[in-house]
Amino acid sequence: MDKAILGRTGIEVTKLSYGAMEIRGPRVWSGRPIEDSEAARVLEAVLDSGINLIDTSFDYGRSEELIGRYLGHRRHEFVLATKCGCRVVDCGDHDEVSHEWTRDNLMRNIDTSLSRLRTDYIDILQLHGPTVKQAEDGMLVEVLNEIQASGKVRHIGVSSYLPHLPAFVEWGSFDSIQLPYSALEREHENWIDRAAETGAGIIVRGGVGQGEPGVGRGSSERWSAWEEAKLDELLEHGEQRTGFLLRFTLSHPSMTTTIVGTKNVDHLADNVRYAAMGPLPADVYDEAKRRLDTIGRTSLPA
């Protein structure tokens, strides 16, 4: 599997990484039930397949706990990214998730995450979607720098999106920037280049359009672009739509890695197989972008 350097962190990561939200369990965001044995199988398979970056968050239900339980003994084998700024409230039959952009909450988040993950350091600690004003008012970059200086975190990042992304890119404060992107969601396409120019590593989420409706979490509105652009005509014989989308994402010259989540070992194997094929042929990539441009699914100026 292809690897790339995650910006100025200097860390070499696989271009396909694992998004651990899918093992969150049912208490948060109507997640699907998952047995401990099922989580163990998929997490072990992630590392056994060669993937070396796992992305999670304080508010991803049981995700951090399960990673710590089943991969704590293999901590030296992977790069660990999590997110902060989160609050989780037990509401009986489910958990309510919100954010609290204060120094005290970020400090609570990192200590709890370290305990759950059974580690004494996080490779990348990311702000989980604040507005620019929230980041400024809470002096969040300064708090991240304080946590980094303590040795609990090696690098700092932000998970963001438009309209907040431009300011975070211009600040140049973050070692990594996570953003949504796929052939079906191209708004941030040019911002990937701009962010990479600052020296930040680029972590893409949603790189397979969150999966086809009825199979994954992808919306019918997002996937309508596939039919309208007639992208089926560009598939290789036997190629799956999600495989094509993954390779489209991998074709962006400035992306570093894309996080794809699943709790299914067979789906994980499919993702690894398509990632191993690498980017799309240049002519196919250009034609896919041309067709998407024609139907208005295009990138925004950066």
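Up top is the structure.
Rules used throughout
- Residues numbered from 1 in each chain as written.
- Predicted model: local features only at pLDDT ≥ 70, side-chain atom pairs only at ≥ 80, totals over all residues.
- Heavy atoms only, no water.
- Helix = DSSP H or I, 4+ residues; strand = E, 2+ residues; numbered from the N terminus.
- Buried < 20%, exposed > 50% of the residue type's maximum accessible area, 1.4 Å probe, protein only.
- Areas by Shrake-Rupley, 256 points an atom, 1.4 Å probe, with all protein chains shown as cover.
- Lys, Arg positive; Asp, Glu negative; His and termini not counted.
- Charge placed at Lys NZ, Arg CZ, Asp CG, Glu CD.
- 1 Å grid on protein atoms, 1.4 Å probe; cavity = no way out; pocket = protein on both sides within 12 Å on 5 of 7 lines; lining within 4 Å.
- Points joined across faces, edges and corners; volume = space filled by probe spheres on them.
- Nonpolar A, V, L, I, M, F, W, Y, C, P; charged D, E, K, R; others polar.

Could you give me a rundown of the overall build of the protein chain, with the residues and numbers involved?
Looking only at helices and strands, the protein chain has 11 helices and 12 strands in total. If you line up the protein chain on its principal axes, its C-alpha atoms span 50 × 45 × 35 Å. The burial tally for the protein chain puts 54% of its 302 residues in the buried class. Surface accessibility of the protein chain: about 12,400 Å² in total, with carbon and sulfur atoms responsible for 48%. Positive and negative side-chain charges in the protein chain, numbering 34 and 47 respectively, have mean positions lying 2 Å apart.

Now, about the layout of surface pockets: what can you tell me, with residues and values included?
Of the pockets and cavities examined, the second largest pocket occupies roughly 160 Å³. If you trace the second largest pocket, you find it lined by R24, G25, P26, R27, F58, D59, G61, R62, E65, V88, D95 and R116. Across the lining of the second largest pocket, the residue classes tally to three nonpolar, two polar and seven charged.

Let's hear about unusual backbone geometry: which residues, and what values?
A negative phi angle characterises most non-glycine residues, just as the trans form characterises most peptide bonds. Backbone torsion omega between L162 and P163 reads 10 degrees, so that peptide bond is classified as cis. If you trace the backbone, P163 turns up in the loop between β9 (153–159) and α6 (165–171). In the Ramachandran plot, W29 falls in the positive-phi region, its phi being about 50 degrees despite a non-glycine side chain. Tracing the backbone shows W29 in the loop between β3 (16–19) and α1 (36–48). Positive phi values are uncommon outside glycine, yet M139 reaches one of about 50 degrees.

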